[in-house]
Amino acid sequence: SAMRCIRDHGLGVPENISVIGIDDIFLSSYKEFNLTTVKIDKTTMGRMAFDMIMDKVSGEKVESVLLPANEIAVRGSVMPVNGSD
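These numbers come from a predicted model, not from an experiment.

Participant: Provide a residue-level description of the environment of valine 62, including the pertinent values.
Facilitator: One can find valine 62 in the loop between helix H2 (42-57) and strand S3 (71-73). Between the alpha carbons of valine 62 and methionine 52 there is a distance of 6.3 Å; along the sequence they are 10 residues apart. Beyond its immediate stretch of four places on either side in the chain, valine 62 contacts Met52, Asp55 and Lys56.

In structure tokens, the structure reads:
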């Protein structure tokens, strides 16, 4: 993993480098990883992707969309900003 590589090079997570992931997979919360992650709504993302594929197949123009991700699982892989949590 990236965090293991950082540590193998003598640097600390999060003391020297903060690391953040996406999707909040179950391994993120294990002590070895303790990865801060952005949680995404995979059901909504899947539905949006399906709709876009169907539109594209039907010959419609498909635009890129942004899926809001407003929840972060804060764990030990990032430093607090300005000393706050």
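Participant: Describe in detail the pairing of strand S2 (residues 36-39), supporting the description with residues and values.
Facilitator: Two strands pair when backbone bridges link them, and strand S1 (residues 20-22) and S2 are joined in this way by 3 bridges, in the parallel orientation. The residue bridging isoleucine 22 from the neighbouring strand is valine 38, located in S2. Pairing of S2 with S3 involves 3 bridges; the strand directions are antiparallel. Bridge assignment links threonine 37 to a residue of S3, and that residue is alanine 73.

Participant: How would you summarise the environment of methionine 45 if you had to cite specific residues and measurements?
Facilitator: Looking at the element boundaries, methionine 45 is found in helix H2. In the structure, methionine 45 is positioned 23 residues away from proline 68 in sequence and 9.8 Å away in space, judged by C-alpha atoms.

Rules and cut-offs
Residues numbered from 1 in each chain as written. Predicted model: local features only at pLDDT ≥ 70, side-chain atom pairs only at ≥ 80, totals over all residues. Heavy atoms only, no water. Helix = DSSP H or I, 4+ residues; strand = E, 2+ residues; numbered from the N terminus. Contact = heavy atoms within 4.5 Å. Pairing = 2+ DSSP bridges.

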